[in-house]
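Coordinates in review
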Amino acid sequence: MALTMKMIRICVPINRVMYTACTHSMSCSIDKEKSFLKSKLHCTNYPPNLFQKSLCPTVCQSAQLRTSPNLWSRPRFSAAAVVEAMPKNMQPYLKLMRMDKPIGTWLLYLPCTWSIALAAQPGCFPDFYMLALFGTGSILMRGAGCTINDMWDKDFDKKVARTANRPIAAGDITQLQSLVFLGGQLSLALAVLLCLNNYSIALGAASLSLVLTYPLMKRITYWPQLVLGLTFNWGALLGWSAIKGSCDWSVCLPLYASGVMWTLIYDTIYAHQDKADDVLVGVKSTALRFSEQTKPWLSAFGVAMITGLTLTGVSCDQTLPYYAAVALIGGHLVHQIYTLDINCAEDCWKKFTENRTIGFLLFLGIVLGNLWKSQETHKGKDLPDHSS
């Protein structure tokens, strides 16, 4: 009897701990689902009282499913999860660089890959060393750009729901700490730039004025997305010069212009998420400029982008895979613009992130187009010479 009582004293606290852990997990799941369902109301026309009527059975049913070990959802790998796993004192700086949201880094990096791939010799893959070098530079320069942007926009960010938790606006990092951190990022980016030829070093340094002034454009013009396009697609010039030693403007200029049009498309979509807050704080954007005429404007930018990519292909003697990729990109843009709901922040974010696929499609088309060139060259050599 004494032994039994002793075991009960040991087991009861353990069971209480397990019960607390399980109920905490379930309550967290329920809280998350409540937040999710509330956010969905912004993208629907249902009245608010429908939420109270439908929330309880929906959450209760989901909570029961989650308690089943066979239906427990697997954790997904994400950049945000990696940042959250880092030491607490590092997280504000990583978030300042937007390491938890790498889509911007991809959109900065992909025009570099296009240019590097176009500069490759027929039948050859792109220079992997240059791809890695520009990838490193893109991470650093995107981080530096975000730091500059947040330093300029600290007071604005506090007033916008989506940006109020950014490290500087939230007070996690001071302006002085941000300035020191910016100096470190720019120093590392300079070290990457110095690995290139002299022409490319001068060309890369010329982009710094755009990086520094872009955040101010939203205060003075409704076209800050155009300035962002000029900044974000500088790699379309720099990648070619890093391989060839200088720019061939018949190739680089239409590629650069196409990239600028592309940025106008995806960043206008992005800006529609914040248009209500932008009006309140006095910030300008193409989303406010175009308003309900956004889709016609985006369609015009899409046509200009496809035209520029076609001219680039002609200048580079590109082959069938390249033009097939350009056609797929055109179809993707048509679908993206046609199905866009500019009044739903969730849909705008989804469409914005889909542009990474466009960048990869073009890169793949360029690589395959270069490999196709080699086949055409060999076929030309194998043809008999009848001139004699």
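A few points on the structure. (Residues numbered from 1 in each chain as written. Predicted model: local features only at pLDDT ≥ 70, side-chain atom pairs only at ≥ 80, totals over all residues. Heavy atoms only, no water.)

As a further point, take the overall build of the protein chain. Secondary structure assignment for the protein chain yields 20 helices and zero strands. Taken across its 388 residues, the protein chain has 42% of its residues classed as buried. A total accessible area of about 21200 Å² is found for the protein chain, and carbon and sulfur atoms account for 66% of it. (Helix = DSSP H or I, 4+ residues; strand = E, 2+ residues; numbered from the N terminus. Buried < 20%, exposed > 50% of the residue type's maximum accessible area, 1.4 Å probe, protein only. Areas by Shrake-Rupley, 256 points an atom, 1.4 Å probe, with all protein chains shown as cover.)

Here we come to the nonpolar core. Phe134, Leu196, Trp262, Met305 and Leu362 are the most contacted members of the largest nonpolar core, which totals 65 residues. A per-element tally of this core places helix 14 (residues 249-271) first, with 12 residues. Formed by 10 residues, the second largest nonpolar core is a distinct cluster that contains Ala144, Ile173, Phe181 and Leu182. (Core = buried A, V, L, I, M, F, W, Y, C linked by side-chain atoms within 4.5 Å.)

It is worth spelling out the packing of aromatic side chains at this point. Both the distance between ring centres and the angle between the ring planes are used here to describe each pair of aromatic rings. By the definition in use, this model includes 17 aromatic pairs. Ring centres of Trp297 and Phe301 lie 6.0 Å apart, and the angle between their planes is 45°; on these two criteria the pair is classed as tilted. Linking Trp297 with Phe301, this pair stays in helix 17 (residues 294-315), spanning four residues, or about one helical turn. On the basis of relative accessible area, Phe301 is assigned to the buried category, the value being 8%. Aromatic ring contacts, followed pair by pair, group Trp114, Trp262, Tyr266, Tyr270, Trp349 and Phe352 into a single cluster. Directly above the aromatic system of Trp240 lies the positively charged group of Lys244, at a separation of 5.7 Å from the ring centroid. Stacked on the ring of Tyr222, the Lys or Arg Lys284 has its end atom at 5.7 Å from the ring centre. (Phe/Tyr/Trp six-rings, centres within 6.5 Å; stacked < 30°, edge-to-face > 60°. Lys NZ or Arg CZ within 6 Å of the ring centre and 35° of its normal.)

This brings us to the pattern of salt bridges. Using the criterion set out here, one finds seven salt bridges in the structure. Lys218 is paired through a salt bridge with Asp153; the nearest N and O atoms lie 2.8 Å apart. In this pair, Lys218 sits in helix 11 (residues 208-220) while Asp153 sits in the loop between helix 6 (128-152) and helix 7 (154-159), placing the two residues 65 residues apart along the sequence. For the pair shown, Lys218 and Asp153 are each scored as buried. The partner of Asp153 in a salt bridge is Arg219, with the nearest N and O atoms 3.1 Å apart. Remark: Arg219 occurs in helix 11 and Asp153 occurs in the loop between helix 6 and helix 7; sequence separation between them is 66 residues. (Salt bridge = Lys/Arg side-chain N within 4 Å of Asp/Glu carboxyl O.)

Treat this as a map of the structure, not an account of what it does.
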